Structure formats: structure tokens, C-alpha cells
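# Close look at the chain arrangement
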Amino acid sequence: MSELKRTKIKNILAMAPGTEVLAKGWVRTKRGNKDIAFIALNDGSTINNIQIVVDKAKFDEGLLQKITTGACISVCGKLVESVGSGQAVEIQAAGMELYGECDPMRYPIQKKGCTMEFLRTVGHFRPRTNTFGAVLRIRNQMAFAIHEFFHSKGFVYWHSPLITAADCEGAGEMFQVTTMDLNNLPRDKKGNIDYKEDFFGKLTSLTVSGQLEAEIGAMALGEVYTFGPTFRAENSNTPRHLAEFWMVEPEMAFYDIKDNMDIAEEFIKYLINYALTNCYDDVKFLNDMYDKELIERLQGVLKEDFVRLPYTEGIKLLEQAVAEGHKFEFPVGWGTDLQSEHERYLVEHYFKKPVILTDYPKDIKAFYMKQNEDGKTVRAMDVLFPKIGEIIGGSEREADIKKLETRIDELGMSRDTLEWYLDLRRFGSAPHSGFGLGFERLLLFVTGMSNIRDVIPFPRTPKNAEY
Ligand code: 4AD
Ligand code: MG
């Protein structure tokens with residue numbers, strides 16, 4: 001039987017009856033009667049299984065007994081037209097080989113009744129489920145689409161470092177990187193930890209954003225984007241936060257805030273359209289299984305122009321909602337940061353479409369954002385999405401060295417680690433803008449999953465770092 005080359009199930013399902021094929025994969029289900037067994041086989045190439053029809057008289061009973069849910073097998077045989085529902089073709093088994101048994105009494109993935117919470121405890125098996133197969137294939141396609149979008153526009157894929165001495169967001173939510181012996185830390189004369197003794201000779205951390213270094217790229221190559229892991233030690237146990245997540249960060253010379261909004265909107269629509277076009281089977285599966293409005297919601301976003309609204313106007317709408325009796329858990333008022341419930345009110349109740357909120361108070365945004373003439377707000381933009389809240393955060397960048405220095409001092413940040421960043425304004429400065437798209441937040445939207453832990457193979461959250 002090994003004369004034949006293995007064909008992926010995705011391709012087998014599109015082949016004509018009569019062809020001899022060799023399929024390899026994991027058994028999803030086995031049913032039948034005393035004469036015939038029907039095996040649903042999946043190899044991860046598609047959400048769809050190939051049905052294997054087994055004439056039991058032709059096979060060893062011991063072998064057949066070992067072919068249970070989860071077992072890994074190889075099957076060769078002729079492709080025939082399927083009379084049953086679901087698919088066009090099925091394989092009439094001529095030969096079968098068992099690669100790996102799967103004791104049904106001990107295998108934790110059962111056909112029914114596995115909750116998302118349970119599946120998180122068996123992260124080494126959950127990619128074998130239909131749901132995670134679909135989510136992870138979509139994740140793969142979206143990663144590819146991101147590169148395709150920027151590549152087609154002539155952006156340069158830029159690699160910002162993961163280990164850095166700069167705190168981009170200034171929120172102090174960084175994971176330290178050290179090789180020092182924590183039980184015996186070197187101290188300086190004042191008794192402070194002496195980072196000169198550390199691996200890099202200074203305090204370093206995992207990056208919370210590749211933006212600052214991407215600005216170096218934009219000031220040389222014009223338009224760049226990063227796409228990589230970012231790390232945040234924020235202790236937020238929410239369905240939308242991870243301690244390790246992936247971010248896409250384009251950074252563009254000569255773009256003002258309007259250009260920035262335009263490309264953000266185009267980008268996100270491109271990705272959603274890509275998912276509907278290239279991952280339809282998987283999206284449809286998730287739609288039918290979990291979220292009957294998923295496809296409608298995705299198509300809806302493509303049709304709408306995103307609302308563009310200053311923060312101050314947004315706050316007015318929220319205050320009006322409170323006055324009319326709408327209950328929020330967190331208070332609303334000019335100067336406060338919006339909570340997810342506020343963002344979702346604007347997007348889901350008020351406008352019923354995505355909203356780009358701009359011109360936030362400078363005190364709730366990072367130091368690098370371009371300051372507006374009013375002295376109170378900055379040229380920030382957050383893209384807010386239904387079900388998700390903030391999916392993108394970005395801004396035009398402050399190009400005025402004086403304003404930037406003042407802001408850094410006001411915030412009590414250290415200029416030492418940012419001299420190179422300030423140099424970008426001292427030497428050949430240019431107006432520029434950029435944003436960060438949270439890759440897993442995008443995936444939440446595209447897959448309809450409700451917890452961010454379920455759109456990444458190995459979620460890292462407070463008190464959880466399995467694998
Ligand atoms: O709004 P943030 O913090 O912006 C930045 O980091 C900027 N430096 C980006 C830039 O302008 N280049 O994060 C950007 C996006 C958020 O909108 C959100 O989608 C996602 O990153 N994000 C997270 N996703 C998952 N888990 C977390 N803990 C996240 N924190 C931010
Ligand atoms: Mg943000």
C-alpha cells in the first residue's frame with residue numbers, strides 16, 4: 001500500500017471518483033454495524049473529514065478494534081461516490097495500517113461535552129478538535145494575509161527586538177530579562193541591584209511593543225511593519241488580555257492621523273475579506289457551531305464606513321446614555337480611560353458599526369503621541385470593534401523634540417534609555433504615524449470565539465504557562 005503517495009484530505013475531497021488514494025490522519029469517529037464500519041478521518045488540512053468505508057470481512061478484527069476515536073491510521077483504497085450526506089466522495093478501504101492507538105478510556109477528547117475551559121487543560125490535544133483546527137487554520141491564513149497586505153503596498157517587514165531596555169508604553173508592565181542569581185543579587189554601594197553585572201550590563205525586559213524601534217525603520221525605509229510576539233505583565237484576567245500576544249505594528253513616514261486611520265480601516269477590512277474568501281469552510285463551521293451571527297457580522301463590517309469620532313464627543317454620548325438610565329460598571333467622565341463596556345456601548349448600541357475614537361486626553365495616552373494645539377489632547381486613534389472593544393491602538397507621533405522632551409520629563413520617564421529615540425527628532429525628523437493591531441483580538445473577531453485563550457495555541461496568562 002505504500003506505493004501510493006499520501007494525499008491530504010482537503011485535496012482528496014476534491015478528487016474524482018475512481019482514483020486510488022492514500023490518506024493518513026486521526027480518527028474522529030467510528031460507527032457502523034457488524035458488517036461495515038464507517039470511519040471519519042481528519043488530517044488537519046480541512047475541517048471536513050473523509051469517510052472511510054470498511055468491509056469488516058476483509059480486515060483483521062484485532063486491527064479494527066484498535067481503530068478508535070483519536071487513533072492515527074493510514075488508509076489506501078479507491079475513491080467512490082458517496083451516497084450518504086455531507087460529502088461527494090468516500091474511500092473504500094483496501095488496506096489499513098495503525099500508526100498510533102488511542103485508548104478510549106483514557107483519551108480526554110471525547111466527541112461531545114468538552115467545554116472550552118476543559119480543553120484549555122489539555123492544550124496538547126485541543127488542536128485535534130474541530131474547533132481548534134478551524135481557529136488555528138484561520139490564524140495561519142490571517143498571518144499570511146498580513147504579510148501579503150503590507151508586501152503588496154511596498155512596506156518592509158521589520159524586526160524590532162524582543163529584548164529591550166525601553167518601555168514603549170511607559171506603563172511599567174514589563175517582564176524583566178536577567179541571568180542574575182535571584183538569591184544572590186549583586187548590589188552597588190547604595191545597596192541597589194547592580195545591573196551592570198547583569199547579562200546585558202543594564203536592566204532589560206521583554207518588549208511591550210516594537211513601535212519605538214519601528215520608528216527607526218520608518219525614518220529610513222519609509223514604511224515598515226513589525227509582526228511578532230509582545231509581552232505584558234499586566235495582571236488582567238480578562239477574556240481579552242494575554243501576557244504574551246502577537247502584535248502587528250506598521251509605522252509610516254509622511255502619514256498624518258487621517259492617513260493612519262485610512263490604512264487601518266483598509267487593513268482590517270482586507271483581513272476580514274480574506275478570511276471570508278479563503279477560510280470559508282472554517283468560518284462557516286464556527287458560525288454554525290457557536291455564533292450564528294458570525295458571518296453576518298463579518299460581512300457587515302466590510303460594508304460600513306467606520307465612524308470617526310473625537311474622544312470628547314464619545315464621552316458626551318456616554319454621559320447622555322448615563323443620564324438616560326444606562327448602567328455602566330465604571331464611571332464615565334472627560335479624562336477617564338474608556339472601559340470595554342463603554343467602547344462596546346458606542347459600537348454595539350449607539351453606532352452599530354466600528355468606531356475610530358480620536359484625540360484622547362494626553363494624560364491617559366503614551367508619551368510619544370502628537371500633541372494637539374488645545375494642550376489637552378493628543379492625536380491618538382483607537383479602533384473599536386463590536387464584541388471586542390479596542391482592536392487597534394495608534395497615533396500620529398510627536399515630531400517636535402521640545403514637546404517630546406517635556407512630556408518625557410512630566411511623566412517622570414528616564415531620558416537616558418530614550419536618547420536614540422529623541423535623536424530621530426534631532427536628525428532628519430519627519431511627520432509620521434503608526435498603529436498596533438492585536439493579532440489575537442482580530443482573531444477573536446474573525447472566529448467569533450469569546451475568550452482570547454482560545455485563539456492562540458499556548459495562552460500565557462497570570463499563573464498559567466503550561467508547555
Ligand atoms: O494600544 P496598545 O497598547 O498600543 C501600542 O502598544 C502601540 N505601541 C501600538 C503602535 O502604535 N504601534 O496595543 C495595541 C493593540 C491593542 O489595541 C490590542 O488590540 C492589543 O494590542 N493588545 C493586547 N492584546 C492581547 N492582550 C493584551 N494584553 C493586549 N494589550 C494590547
Ligand atoms: Mg491601547
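Residues numbered from 1 in each chain as written. Chains lettered and ligands numbered in written order. Predicted model: local features only at pLDDT ≥ 70, side-chain atom pairs only at ≥ 80, totals over all residues. Heavy atoms only, no water.

## Let's talk about the site of ligand 1
Lining the immediate surroundings of ligand 1 are 25 residues, of which Glu-169, Gln-211, Arg-232, Glu-249 and Glu-390 lie closest. Contact distances for ligand 1 include 3.0 Å between a nitrogen atom and a side-chain N or O atom of Ser-209. In this structure, Gln-211 approaches ligand 1 through a side-chain N or O atom, which is 2.7 Å from a nitrogen atom. In isolation ligand 1 has 620 Å² of accessible area, and contact with the protein removes 94% of it. For the shell around ligand 1, the elements supplying multiple residues, two or more each, are strand E11 (244-253), strand E15 (389-396) and strand E16 (432-438). (Near = heavy atom within 4 Å. Polar contact = N/O pair within 3.5 Å; in protein donor to acceptor, adjacent residues only side chain to side chain. Areas by Shrake-Rupley, 256 points an atom, 1.4 Å probe, with all protein chains shown as cover. Helix = DSSP H or I, 4+ residues; strand = E, 2+ residues; numbered from the N terminus.)

## Some details on the sheet that holds strand E9 (residues 204-206)
The strands that make up a sheet are held in pairs by hydrogen bonds between backbone atoms, and each pair lies either parallel or antiparallel. Pairing is antiparallel across the open sheet formed by 3 strands, whose spatial order is E7-E9-E8. What marks the edges here is a single partner per strand, and that holds for strand E7 (163-164) and strand E8 (176-177). Across 2 bridges, the pairing between E8 and E9 is antiparallel. Bridged to Val-177 within E9 is Thr-204. (Pairing = 2+ DSSP bridges.)

## Quick notes on the pairing of strand E1 (residues 20-32)
Note that E1 and strand E4 (residues 72-81) share 7 bridges and pair antiparallel. Within E4, the residue paired with Leu-22 across the bridge is Cys-76. With 6 bridges joining them, E1 and strand E2 (residues 36-42) adopt antiparallel strand pairing. If you follow Lys-30 over to E2, its bridge partner there is Ile-39. Between E1 and the antiparallel strand that follows it, E2, lie 3 residues.

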